Amino acid sequence: AQESLKNIEELKLILMHYSALEIQTLRKGLQSSTGLQRLSLCQGNLTDGRSEELTAILSHNPQLLYLSLEYCKLQVECENSGILAVAEALPNCGQLEYLSLQGNRIANQAAAEIAKALKGHPNLSTLNIGHNHIGNKGAAALIELASTIPTLKEVDLSWNLIGDKGAKLVIETLSTNRAMVEANSLIIKLHGNFRISEEMIRKMQKVFPETIKLQLV
């Protein structure tokens with residue numbers, strides 16, 4: 001099984017519990033991979049030390065273009081170890097074009113670490129970090145990242161805990177890099193952040209209308 005993963009280009013595993021032995025076996029199988037470009041480990045359990053194996057997988061596959069770790073329990077309750085382990089490994093994946101960390105209960109500290117880890121990713125075009133617990137500070141860090149990566153086309157921050165203060169920081173941060181942001185037609189998805197007031201929504205839509213496509217409902 002490990003040998004069969006050596007030349008694989010895409011691996012998609014959904015609804016897997018990932019026992020310690022299973023994730024270890026997966027890590028060993030992908031450790032010698034040279035062609036893996038798309039990796040999806042979604043709706044599984046990557047807690048209790050499994051994140052260390054995930055870190056090893058990412059570290060040994062710098063050629064990854066697509067990485068989806070949706071609903072993997074990377075941040076359970078107040079523990080940051082899983083998502084911080086992923087953040088630590090992200091600089092090794094410098095060719096990433098797509099990253100989804102949706103639904104992992106990511107809060108401000110982890111969001112800031114992710115933003116820091118993604119600096120210097122010249123090909124990143126899509127970042128999905130929706131359905132988490134990101135507040136104003138975490139959103140500000142991610143938007144600052146978004147406004148400095150020329151290739152980034154979409155950042156999904158929907159269904160988080162962003163309020164008016166965070167929305168104000170979004171406006172300010174994007175305004176400082178407005179020429180590049182508008183040239184790239186960057187899309188920022190903020191729908192489902194019900195702490196943003198109607199007044200702030202109107203202001204955001206006025207300052208950044210169709211070009212930025214701030215999607216709020």
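One can find the structure itself at the top, above this paragraph.
Residues numbered from 1 in each chain as written. Predicted model: local features only at pLDDT ≥ 70, side-chain atom pairs only at ≥ 80, totals over all residues. Heavy atoms only, no water.

1. Thoughts on the pairing of strand β2 (residues 38–42)
If a strand is regular, its side chains alternate between the two faces of the sheet.
So, step 1. Where burial is concerned, most of β2 is hidden: four out of the five residues are buried.
So, step 2. Pairing geometry for strand β1 (residues 10–14) and β2, over five bridges, is parallel. When the bridges of β2 are listed, L13 appears paired with L41.
So, step 3. This β-α-β element, β1 to helix α1 (residues 20–31) to β2, shows right-handed connectivity.
So, step 4. Where β2 meets strand β3 (residues 66–68), three bridges bridge the pair, whose relative direction is parallel. Pairing of S40 across the sheet is with S68, part of β3. (Buried < 20%, exposed > 50% of the residue type's maximum accessible area, 1.4 Å probe, protein only. Helix = DSSP H or I, 4+ residues; strand = E, 2+ residues; numbered from the N terminus. Pairing = 2+ DSSP bridges. Right-handed = clockwise from strand over helix to strand, strands pointing away.)

2. Concerning the packing of helix α4 (residues 108–118) against helix α5 (residues 136–146)
So, step 1. Packing of α4 against α5 brings their axes to within 7 Å, and their N-to-C directions diverge by 10 degrees. Classified by the interaxial angle, the pair formed by α4 and α5 is roughly parallel. Contacts between α4 and α5 involve N108, A111, A112, A115 and L118 on the former and, on the latter, N136, K137, G138, A141, L142 and L145.
So, step 2. Considering only residue class, the contact of α4 with α5 consists of seven nonpolar, three polar and one charged. (Axes fitted to C-alpha atoms, helices over the stretch in contact; angles between N-to-C directions. Parallel < 35°, antiparallel > 145°, perpendicular 65-115°, else oblique. Contact = heavy atoms within 4.5 Å. Nonpolar A, V, L, I, M, F, W, Y, C, P; charged D, E, K, R; others polar.)

3. As for the pattern of salt bridges
Opposite charge on two side chains allows them to pair when their charged atoms are near.
So, step 1. Going through the model one piece at a time under the given rule, you end up with five salt bridges.
So, step 2. For E53, the salt bridge goes to R27, with nearest N and O atoms at 2.7 Å. Of this pair, E53 sits in helix α2 (residues 50–59) while R27 sits in helix α1, and the two are 26 residues apart along the sequence. The two residues E53 and R27 agree in class, both being buried. (Salt bridge = Lys/Arg side-chain N within 4 Å of Asp/Glu carboxyl O.)

Geometric descriptors of this kind do not, in isolation, establish any biological role.
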